[in-house]
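Below, each chain spelled out in residue letters.
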Amino acid sequence: MSAELIDGKKVAARVRDEVARTIARMPVKPGLATILVGENPASAIYVASKRRTCTELGIRDLHRHVPADISQAELASLIIGLGEDPDVTAVLLQLPLPKHLDPQQLIELIPADKDVDGLSILSGGRLAKHVPGLYPCTPLGVMELLDSYYVQLAGTDVVVVGRSNLVGWPLAQMLLQRDATVTSCHKGTRNLVRVCRHADVLIVAAGEQGLVDASFVRPGATVIDVGIHRTAHGITGDVVFDEVVEVADLITPVPGGVGPMTIAMLMRNTLRAAELQGYELANPAPATG
Ligand code: NAD
């Protein structure tokens, strides 16, 4: 029997709606400064989409576009300025950067309470230590999907394929915090099929198209495919969907699964940044006589 599909578009729309309703009640609206360096076409599309969503939800769009030949020092000074500006709630440096720039050094200049991508060392440390903070958007999106479909995590065997700073590692931390028994796999993992077949929940974020076929999946498992690959036949993932859908109980399609969640969680992170900075989340109730 075919698995139930996890509808990322629907969950993302609900998250965006919740964020918009909260922002509508805030006396001071949060503002997100996206920084686009140069003309990378994929980055320009991602940033345009983030800006459009900001505006739709009532977040102030404080975008900065700088030339590709900007120096490390000039970009550093822009980021420090945005970090110090009380009008700016959140700062996002769109990656990748031109080769002459050092991304991690620049990310470290974003104050942790404005680091809506959650990629600074301090944000990573807060996540590792279970301290409130801003965590990476795609893993947050995966957690939101699992919760929206009432997938049991406490005591569950979860296998995460991939341990990048952007997806696999933060996701493993979030799952551990929810009392899942987490196995992190990577390129050095021996017998990946055997490890994956053990999973109640299998999350694949390896960046290898079609890595996971039906032989990797325990019948009845939940399968989350984070991979995105643009091919001549459209967008596909790390999972061989047509095979795995016949074995799993619950599965994300690609596109339409994890993909739509990332920007929705960025919007929620911007709201969270406002909260961390002490913004009022609602107008005070009018005084009654
Ligand atoms: P990455 O290249 O930084 O990390 C890949 C990880 O997978 C590494 O830890 C590596 O060791 C592991 N890996 C690779 N091949 C493997 C194999 N054969 N067996 C076991 N482990 C293997 O990639 P990333 O940034 O984490 O992204 C992963 C995928 O997720 C990519 O396809 C990317 O496009 C996609 N992605 C999607 C979204 C989204 O919004 N849906 C966001 C970020 C990334």
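Residues numbered from 1 in each chain as written. Predicted model: local features only at pLDDT ≥ 70, side-chain atom pairs only at ≥ 80, totals over all residues. Heavy atoms only, no water.

### Describing helix α3 (residues 72-84)
Now for step 1: With 13 residues, α3 should reach 18 Å at 1.5 Å per residue; the first-to-last C-alpha distance of 18 Å fits that figure.
Now for step 2: Summarising the contacts, the buried residues of α3 are in contact with β2 (31-37), β4 (64-66), β5 (90-93) and α4 (103-107). (Helix = DSSP H or I, 4+ residues; strand = E, 2+ residues; numbered from the N terminus. Expected span 1.5 Å × (residues − 1). Contact = heavy atoms within 4.5 Å.)

### Here we look at the site of the ligand
Now for step 1: With respect to spatial proximity, 22 residues lie near the ligand, and among them Arg163, Ser164, His186, Glu208 and Thr262 are the closest.
Now for step 2: Within the side chain of serine 164, a nitrogen or oxygen atom sits 2.5 Å from an oxygen atom of the ligand.
Now for step 3: Glutamate 208 is positioned such that a nitrogen or oxygen atom in its side chain is 3.0 Å from a nitrogen atom of the ligand.
Now for step 4: Notes on the ligand: free accessible area 860 Å², of which the protein chains cover 74%.
Now for step 5: Split into classes, the residues belonging to the shell around the ligand amount to ten nonpolar, nine polar and three charged. (Near = heavy atom within 4 Å. Polar contact = N/O pair within 3.5 Å; in protein donor to acceptor, adjacent residues only side chain to side chain. Areas by Shrake-Rupley, 256 points an atom, 1.4 Å probe, with all protein chains shown as cover. Nonpolar A, V, L, I, M, F, W, Y, C, P; charged D, E, K, R; others polar.)

### A look at the nonpolar core
Now for step 1: Ranked by internal contacts, the top residues of the largest apolar core, which has 49 residues, are Leu32, Leu146, Leu175, Ile203 and Met267.
Now for step 2: By residue number, the principal contributor to this core is helix α10 (residues 261-276), which donates nine residues.
Now for step 3: Counting contributing residues per domain, this core is built from domain 1 (14-115 + 262-276) and domain 2 (136-258), each supplying no fewer than three.
Now for step 4: Setting aside its immediate chain neighbours within four residues, methionine 267 contacts Val19, Leu32, Lys50, Thr53, Cys54, Leu57 and Ile59.
Now for step 5: Of all hydrophobic cores here, the second largest spans 20 residues; its members include Phe216, Val217, Ala248 and Ile251. (Core = buried A, V, L, I, M, F, W, Y, C linked by side-chain atoms within 4.5 Å. Buried < 20%, exposed > 50% of the residue type's maximum accessible area, 1.4 Å probe, protein only. Domains from an automatic or database assignment.)

### Structural notes on the pattern of salt bridges
Now for step 1: For the structure shown, the criterion picks out eleven salt bridges.
Now for step 2: Note that arginine 51 and aspartate 61 form a salt bridge whose closest N and O atoms lie 2.9 Å from each other. With arginine 51 in helix α2 (residues 41-57) and aspartate 61 in strand β3 (residues 60-61), this pair connects stretches of sequence that are ten residues apart.
Now for step 3: The partner of arginine 126 in a salt bridge is aspartate 113, with the nearest N and O atoms 2.9 Å apart. A residue pair is termed long-range when its members are at least 10 positions apart, and arginine 126 in helix α5 (residues 121-128) and aspartate 113 in the loop between α4 and α5 qualify at 13 residues. (Salt bridge = Lys/Arg side-chain N within 4 Å of Asp/Glu carboxyl O.)

### Re the pairing of strand β7 (residues 181-185)
Now for step 1: In the sheet, strand β6 (residues 157-161) pairs with β7 via five bridges, with the strands oriented parallel. Bridge pairing in β7 places valine 160 opposite serine 184.
Now for step 2: Chirality of the crossover, the property in question, places the unit of β6, helix α7 (residues 168-177) and β7 among those that are right-handed. (Pairing = 2+ DSSP bridges. Right-handed = clockwise from strand over helix to strand, strands pointing away.)

### Details of empty space enclosed by the protein
Now for step 1: A full pass over the atoms with the stated rule returns one cavity of 30 Å³ or more.
Now for step 2: Considered as a void within the structure, the largest cavity measures approximately 40 Å³ in volume.
Now for step 3: Around the largest cavity sit Leu92, Leu93, Ile107, Ile110, Asp115, Asp117 and Leu119, which together line it.
Now for step 4: Residue classes in the lining of the largest cavity are distributed as five nonpolar, no polar and two charged. (1 Å grid on protein atoms, 1.4 Å probe; cavity = no way out; pocket = protein on both sides within 12 Å on 5 of 7 lines; lining within 4 Å. Points joined across faces, edges and corners; volume = space filled by probe spheres on them.)

### Quick look at the domain arrangement of the protein chain
Now for step 1: Examined at the domain level, the protein chain breaks down into domain 1 (14-115 + 262-276) and domain 2 (136-258).
Now for step 2: A straight line from the C-alpha centre of domain 1 to that of domain 2 covers 28 Å.
Now for step 3: Opposite the eight residues of domain 1 that make contact, domain 2 presents eight residues.
Now for step 4: It is Thr262, Met265 and Asn269 in domain 1 that bury the most area against domain 2; as a group they hold 63% of the surface buried on that side.
Now for step 5: Across the pair glutamate 144 and arginine 14 runs a salt bridge whose closest N-O atoms are separated by 3.2 Å.
Now for step 6: On the surface where domain 1 and domain 2 come into contact, there are five residue pairs in polar contact (both at pLDDT 80 or more).
Now for step 7: Listed by contribution, the elements that provide at least two residues to the side of domain 1 that touches domain 2 are α1 (8-25) and α10. (Buried area = accessible area lost by both parts, 1.4 Å probe.)

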